[in-house]
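# Examining the three-dimensional arrangement
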Amino acid sequence: MSYYHSRGILPTGLLVTSNECELIISPSGGTSLNMSGPWTLMHAKDPTEDVIGGNQTSVTEFVLLGFSHVPRLKPLLFAVFLGMFLITMLGNGLIVLLTVVDTALHTPMYFFLRNLALVEICFSLDIVPRMLESLVAGRGISFLGCALQLFLILSFVSSECFLLTVMAYDRYVAICHPLHYGVLMNQRLCLLLAMACWVAGIPISLLFTIWLFHFPFCGPQGVRHFLCDVAPLLRLVCADTSIFEAYIRVATVLVLMVPFFLITVSYGRVLAAVVQMPSTTGRHKALSTCASHFVVVTLFYGTACVIHLQPKSTYSPESKQVVSLSYTLITPMLNPIIYSLRNQEVKAALLRGLRRKKGAAQMT
């Protein structure tokens, strides 16, 4: 026996045993290993391996598990979310209609407001119908459908960041350079700025969406959110995503903070110009034109910073769902209300529209 051990050779048909394992070499040359004792504990199969993707099974669809931790509240949540969605569609649709129909609102400020309302409409249509469906039926979303939803979310959020920046610049030009406002904010420049806001986020959104969905998803299929977002999807990836997470963190900071810095600079210049105005009425009028936009910026960036810039360990997926409602439902619903209540020109345009409709009804 010592000869074979010294040469590293074992004769066929030999059974070698120990307290931990036994190696069987059959006459045909095949081997089998039976393990027990500590070896069994070291090499035992994880019972959750098949569930979490140890078998490397590819995922073809996902199931949105938003609010699955409160199943009894789902009917109530459905009714509340549906009401908020309808208010969002009505309010933003009314802003779009008024800024198109009423000639008094054919100014750069309301042109950009119309684009902001369109972004909110598209953003809500991308998220809320699927969320309502998951609350009622709990159906899955296809692999491609989830990727498309994520791409649109990233694109629309980027567009809103850029639009809010352009709107702040518009207020800066109107207050700090009123005599040159018509020349600086001409129709061609406004169209170019609006187009840039819509398309600027597409390349980076497409890049990160394709990159994320090229990772292997090994299961489970449940996404612990009511939408296809980056963070809950990364939990389902069975590969190293550290490089992806580093790059998307940098991109998030750039897309959020660079526009925020430009907005801050614009409002700093505005405040400096307002302070130098001799008339109290002029100061009040200048600040009132910025008040609605300032409130919207505060809502948007306040919720965005809470969600995207906090450490992951400070919140659970369930608490993040609640915070995410602020920018998916609450902010799009409040934006048209803020602009209509705080803006005399929008309210006047709405009253003119109602009078025209009433007069047309009386004539018929």
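The structure contained in this document is the topic of the report that follows. Note that the structure is a prediction, hence the values are computed from the model and not measured.

The rules behind these values
Starting from 1, residues in each chain are numbered consecutively following that chain's sequence as written. Thresholds applied to this predicted model are a pLDDT of at least 70 for local features of residues and 80 or more for the giving and counting of side-chain atom pairs; totals over whole chains, interfaces and linings are not thresholded and use all residues. Only hydrogens and water are removed before side-chain values are computed, so all heavy atoms of the structure are retained for them. The definition used for a disulfide is geometric: two cysteine sulfur atoms within 2.5 Å. Helix and strand labels come from DSSP, where a helix needs a run of H or I of at least four residues and a strand needs a run of E of at least two; each type is numbered from the N terminus. Using a 1.4 Å probe on the protein chains alone, a residue whose accessible area is under 20% of its type maximum counts as buried, one over 50% counts as exposed, and one in between counts as partly exposed. Aromatic pairing here means that ring centres of Phe, Tyr or Trp (its six-membered ring) are within 6.5 Å. Orientation follows from the plane angle: under 30 degrees is stacked, over 60 is edge-to-face, and everything else is tilted.

### Focus: the state of the cysteines
- By the definition in use, this model includes two disulfides.
- Bridging cysteine 146 to cysteine 228, the disulfide has an S-S length of 2.0 Å. Around the S-S axis, the bridge from cysteine 146 to cysteine 228 shows a dihedral of about -125 degrees and counts as left-handed. Residue cysteine 146 is found in helix H6 (residues 143–176), and its partner cysteine 228 is found in the loop between strand E6 (222–223) and helix H10 (230–234); the two are separated by 82 residues along the sequence. A single burial state applies to cysteine 146 and to cysteine 228, both of which are buried.
- With a sulfur-sulfur separation of 1.7 Å, cysteine 218 is cross-linked through a disulfide to cysteine 238. Note that cysteine 218 is positioned in the loop between helix H9 (202–213) and E6 and cysteine 238 in the loop between H10 and helix H11 (242–275), a separation of 20 residues in sequence.
- Of the residues examined, cysteine 218 reaches a relative accessible area of 4% and is grouped as buried.
- Taking relative accessible area as the criterion, cysteine 238 reaches 29% and is therefore assigned partly exposed.
- Taking only the cysteines that form disulfides and numbering them from first to last, the chain has the pattern 1-3, 2-4.

### Digging into the packing of aromatic side chains
- For the coordinates displayed, the defined rule picks out 19 aromatic pairs.
- With centroids separated by 5.9 Å and ring planes inclined at 20 degrees, the aromatic side chains of phenylalanine 62 and phenylalanine 143 adopt a geometry described as stacked. Note that phenylalanine 62 is positioned in strand E4 (residues 61–64) and phenylalanine 143 in helix H6, a separation of 81 residues in sequence.
- On the basis of an interplanar angle of 65 degrees and a centroid distance of 5.4 Å, the ring pair of phenylalanine 111 and phenylalanine 112 is categorised as edge-to-face.

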